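Chains, contacts and geometry: an overview
If you want the building blocks of each chain, they are given just below.
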Amino acid sequence: MNKNVTVIVGTKWGDEGKGKIASREAKDAKLVIRATGGNNAGHTIVFNGIKLPLHLVPGGIVYPNTTCIIGPGVVLDLEVLLSEIELLKETGISDIDSRLKISGRAHVILPYHKELDVLYENFKKHPVGTTKRGIGPSYADKNNRTGIRMYDLLLTEDELKEKIEEAIKPHNQLFIDNNMKEAVADANSLAKQYHIYGEKLAKYITDISPLISDSIDNNEKIVVEGAQAFRLDLDHGDYPMVTSSNPVVSGTLCGAALPPQALNTVIGVDKAYNSRVGNGPFPTELPASIDENGNVIENVTPLEGDIVRDLGHEYGTTTKRPRRCGWMDCPILRSAKYTSGIDYLCLNHLDTLGQIGLKLGYVKVCTSYKYKGQVINYYPDDINLSHEIPEPIYETLDGGWTIDSSCKTYDELPELAKRFIEIVEKASGIPVKYLGTGPANDDLIVRE
Ligand code: IMP
């Protein structure tokens, strides 16, 4: 079998800046596929100088020769999808109708999933801090075999109603029991509304398997644009503080309907410092002035985490929440290497880390942990939220650096930045091939 699939995955908790390297890889691709998650993810792409915030359609859509696929592993909020398609058309991106394909097997997020997302979070003693987009409840219905698929939108209105009726039974009872009468779903009106969505989206809904097999047979490049990240993976992440899909490479292959034998390259993406949005363990987290609801406390002396957040503009693309920030964590990278088979690392925000170093007077890198009385170089599997979190062991570099826009090669980087990269490579065991040195798409150094 030809091996021409490149997968791009996040190595920490998302928001590593996967969009930039995904865009570079998509340039010469035939197929660009989104495989997991839904509009809990988001990245901004630039077309003719116009910024386009995308949550569902793969960023590769800006290249006229790519076909973009939303794979069977994705869950879709149809209002968000339709408004993205509208935006792309208004911006003048060509041939959307022929270049966008949506797997009929992808599942639909219905309004009751969003209500359930909020309700389930309220039930929990330790809420996950979900994006409240209905992602988890939609996957839960999929697992319960009561999910509504894109194919179902093409049925008659009556057939769709029957499926919705079955799906909403337990949910409606739960809404009634919790005095949420306004959330009780009505199968008639939902069937009417979603049947209309089906008519609007029919031209995109398809069986994607012939597209994929033809591309593999013709040895055309296929790129999987990963969403979320390793530590948010349902099976391999910080359960239960995770998302409801499998963003590690094996999960993305499944969600994209790709055979593992076609895999060529895996690029893991990270930031030179780390961030997390939502709850859950974060060993290298820095103290920050954020209250228990996740809001920034204003007018207090900024702590280290506030300085990193402000210099990195770390506020969620999807929810605008301030992100928790911390130092680079290499044991997680090392575990990501083996869980996802990462060949190369793309390290973004190398410029921002330099600025953080200049402001604080130092930069730290976590190279191993102290955990249960031992020094370990991987992320332990048995962390319980109420017990011991691994304690980072740091290497510290004095000062910081500035990377000016003329710097285009690894050799031109400041010595301290190169030292930082060497430490990351040694501790993670992954060669750093790509370095993000600024916000623009071409602020990217490629090490040959
Ligand atoms: P959910 O995916 O909305 O259920 O949220 C579960 C957890 O994953 C929460 O902590 C979210 O903040 C986090 N999460 C989900 N998608 C992303 C993403 O694309 N970037 C960063 N965090 C995410």
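Here's a quick rundown of the structure.

Conventions we followed
Residues numbered from 1 in each chain as written. Predicted model: local features only at pLDDT ≥ 70, side-chain atom pairs only at ≥ 80, totals over all residues. Heavy atoms only, no water. Helix = DSSP H or I, 4+ residues; strand = E, 2+ residues; numbered from the N terminus. Contact = heavy atoms within 4.5 Å. Areas by Shrake-Rupley, 256 points an atom, 1.4 Å probe, with all protein chains shown as cover. Lys, Arg positive; Asp, Glu negative; His and termini not counted. Charge placed at Lys NZ, Arg CZ, Asp CG, Glu CD. Buried < 20%, exposed > 50% of the residue type's maximum accessible area, 1.4 Å probe, protein only. Pairing = 2+ DSSP bridges. Salt bridge = Lys/Arg side-chain N within 4 Å of Asp/Glu carboxyl O. 1 Å grid on protein atoms, 1.4 Å probe; cavity = no way out; pocket = protein on both sides within 12 Å on 5 of 7 lines; lining within 4 Å. Points joined across faces, edges and corners; volume = space filled by probe spheres on them. Nonpolar A, V, L, I, M, F, W, Y, C, P; charged D, E, K, R; others polar. Domains from an automatic or database assignment. Near = heavy atom within 4 Å. Polar contact = N/O pair within 3.5 Å; in protein donor to acceptor, adjacent residues only side chain to side chain.

1. Section: the overall build of the protein
When its secondary structure is counted, the protein shows 13 helices and 19 strands. Dimensions of the protein, computed from C-alpha atoms along their principal axes, come out at roughly 70 × 55 × 40 Å. For the protein, contacts bridging at least 24 residues in sequence account for 74% of all contacts bridging at least 6. Summed over all atoms, the accessible surface of the protein reaches about 19,200 Å², with 48% contributed by carbon and sulfur. Separation of charge centres in the protein, based on 49 positive and 61 negative side chains, amounts to 1 Å.

2. Quick look at the pairing of strand 2 (residues 31-34)
Of the two faces of strand 2, the one lined by L31 and I33 and the one lined by V32 and R34 are each fully buried. Note: strand 2 against strand 5 (residues 67-70), four bridges, orientation parallel. Note on strand 5: the bridge partner recorded for I33 is I69. Pairing geometry for strand 2 and strand 10 (residues 222-225), over four bridges, is parallel. Paired with I33 across the strands is V224, a residue of strand 10.

3. Some remarks on the pattern of salt bridges
Where side chains of opposite charge bring their charged atoms close, a pairing between them can arise. The final tally for this structure, using the stated rule, is 20 salt bridges. The shortest N-O distance in the salt bridge between K12 and D270 comes to 2.5 Å. Here K12 is found in the loop between strand 1 (5-10) and helix 1 (18-26), whereas its partner D270 is found in strand 11 (residues 263-271), with 258 residues between them in sequence. Here R309 and D306 are joined by a salt bridge, their closest N and O atoms 3.0 Å apart. Taken together, the residues R309 and D306, both in helix 10 (residues 304-312) and three residues apart, mark about one turn of the helix. The exposure class assigned to R309 is buried, which follows from its relative accessible area of 2%. Residue classification places D306 among the buried positions, given a relative accessible area of 4%.

4. Digging into the sheet that holds strand 7 (residues 100-103)
Pairing is mixed across the open sheet formed by 10 strands, whose spatial order is 9-7-5-2-10-1-11-14-18-19. The sheet is open, and its two borders are formed by strand 9 (205-206) and strand 19 (444-446), each paired with just one other strand.

5. Here's the deal with the layout of surface pockets
Estimates place the volume of the second largest pocket at around 420 Å³. Looking at the second largest pocket, it is lined by 18 residues, and the ones nearest its centre are N279, E292, N293, G294 and R321. In terms of residue class, the lining of the second largest pocket is built from five nonpolar, five polar and eight charged. Summarising the domain contributions, the lining of the second largest pocket has at least three residues from each of domain 1 (107-201) and domain 2 (270-446).

6. Looking at the site of the ligand
For the ligand, the set of nearby residues contains 16 residues, the closest of which are D15, N40, T131, T243 and R321. Between an oxygen atom of the ligand and a side-chain N or O atom of R321, the distance comes to 3.1 Å. Protein coverage of the free-state accessible area of the ligand, which is 470 Å², stands at 97%. For the shell around the ligand, the class distribution of residues is six nonpolar, eight polar and two charged.

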